[in-house]
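The lines below spell out each chain.
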Amino acid sequence: GGGGGGAGATVMSGGGGGFGTAGSKGNGTGGVASGYANSNAQLVPLTGGSGGGGGGSVSLGSGGGGGGGGAVLIFATENITIMPTGRIISTGGEGGRGQANGGSGSGGAIVLQSFNVTINGVLNTSNETSQFNRNMHAGGLGRIRVDGLASPMRFSWDGQAGSNFTGPAIYNIT
């Protein structure tokens with residue numbers, strides 16, 4: 001879910017959006033909610049990540065919440081190969097700057113489906129944190145699903161995500 005926003009005349013930074021994991025809690029009087037972990041490891045239905053909450057400050061100006069990462073689906077009837085220099089990235093956006101900063105969006109979703117999938121590169125659905133202000137609140141990690149590994153039980157990979165799901169081997173695509 002989306003991160004909680006700041007409210008009222010109190011300066012409160014927005015919470016980070018959640019998806020594969022919960023986002024970071026915002027700050028301010030009484031605390032501001034973070035986005036909760038949602039969806040499922042199988043990514044059915046396929047959705048992108050959640051946005052962060054906007055900061056709250058009536059008079060001082062606030063930053064908007066960052067957008068959640070998108071949903072990426074790559075399907076091929078024969079092979080998908082991610083080369084060592086290859087990267088598929090679906091990260092959340094950074095929250096906006098203000099007296100009360102916006103929370104960052106969560107990472108998105110990546111799904112690869114093919115008869116044969118080879119991953120030598122990077123799959124990244126991480127969150128974004130601010131490079132200009134340490135008071136920004138990070139979004140949660142996204143989710144990754146890979147279907148079509150010839151031997152899914154023996155294949156080991158570590159994508160940057162809140163959940164990594166290895167689906168069934170696909171022996172016949174019509």
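Another point: the overall build of the chain. Summing up its helical and strand segments, the chain has zero helices and six strands in all. Walking the chain from its N terminus toward its C terminus, one meets helices and strands in the order β-β-β-β-β-β. Across the 174 residues that make up the chain, the buried fraction comes to 43%. Put simply, 63% of the contacts in the chain that link residues at least 6 apart link residues at least 24 apart.

Mapping Ser-13 onto the fold places it in the segment before strand E1 (71-82). At 3.4 Å, the side chain of Ser-13 forms a polar contact with the backbone nitrogen of Asn-101.

Attention shifts here to a nonpolar patch on the surface. A surface patch of nonpolar side chains, about 280 Å² in accessible area, is lined by Leu-46, Leu-73 and Phe-75. With respect to the helices, strands and loops of the structure, Leu-73 is situated in strand E1. The class of Leu-73 is partly exposed, set by a relative accessible area of 49%.

With that settled, the discussion passes to the pattern of salt bridges. This model, assessed by the stated rule, comprises one salt bridge. A salt bridge links Asp-147 to Arg-145; the nearest nitrogen and oxygen atoms lie 3.0 Å apart. Across the pair, Arg-145 and Asp-147 agree in class, each one buried.

Our focus in this paragraph is the nonpolar core. By size, the foremost hydrophobic cluster in this structure holds twelve residues: Ala-76, Ile-80, Ile-82, Ile-88, Ile-110, Leu-112, Val-117, Ile-119, Leu-123, Ile-144, Val-146 and Ala-161. Elements with a contribution of two residues or more to this core: E1, strand E3 (109-119) and strand E5 (143-147). Per-element tally for this core: the top contributor is E3, with four residues. Residue contacts for Leu-112: discarding those within four places in its chain leaves Ile-74, Ile-80, Ile-82, Ile-88, Val-117, Ile-119, Leu-123, Arg-145, Val-146 and Asp-147.

Turning to the sheet that holds E3, a few remarks are in order. Taken together, four strands build an open sheet; the order of strands is E1-E3-E5-E6 and the sheet is parallel. Edge positions in the sheet fall to E1 and strand E6 (163-166), since each has one partner strand and no second. Put simply, the sheet's adjacent strands are angled 10° from each other on average, direction ignored. Two elements, E3 and E5, share five bridges in a ladder whose sense is parallel. In the sheet register, Val-111 faces E5, and the bridge partner there is Arg-145.

Let's shift gears to unusual backbone geometry. Residue Val-44 is joined to Pro-45 through a cis peptide bond whose omega torsion reads 0°. The topology assignment puts Pro-45 in the segment before E1. One non-glycine residue with positive phi stands out, namely Ser-39, at about 75°. Its location among the elements puts Ser-39 in the segment before E1. The class for Ser-39 is partly exposed, based on a relative accessible area of 33%. Phi is positive for Leu-43, close to 55°, though the residue is something other than glycine.

Conventions used here
Residues numbered from 1 in each chain as written. Predicted model: local features only at pLDDT ≥ 70, side-chain atom pairs only at ≥ 80, totals over all residues. Heavy atoms only, no water. Helix = DSSP H or I, 4+ residues; strand = E, 2+ residues; numbered from the N terminus. Buried < 20%, exposed > 50% of the residue type's maximum accessible area, 1.4 Å probe, protein only. Contact = heavy atoms within 4.5 Å. Polar contact = N/O pair within 3.5 Å; in protein donor to acceptor, adjacent residues only side chain to side chain. Patch = residues over 30% accessible without salt bridge, like charges linked within 9 Å, V, L, I, M, F, W, Y side chains within 5 Å. Areas by Shrake-Rupley, 256 points an atom, 1.4 Å probe, with all protein chains shown as cover. Salt bridge = Lys/Arg side-chain N within 4 Å of Asp/Glu carboxyl O. Core = buried A, V, L, I, M, F, W, Y, C linked by side-chain atoms within 4.5 Å. Pairing = 2+ DSSP bridges. Axes fitted to C-alpha atoms, helices over the stretch in contact; angles between N-to-C directions.

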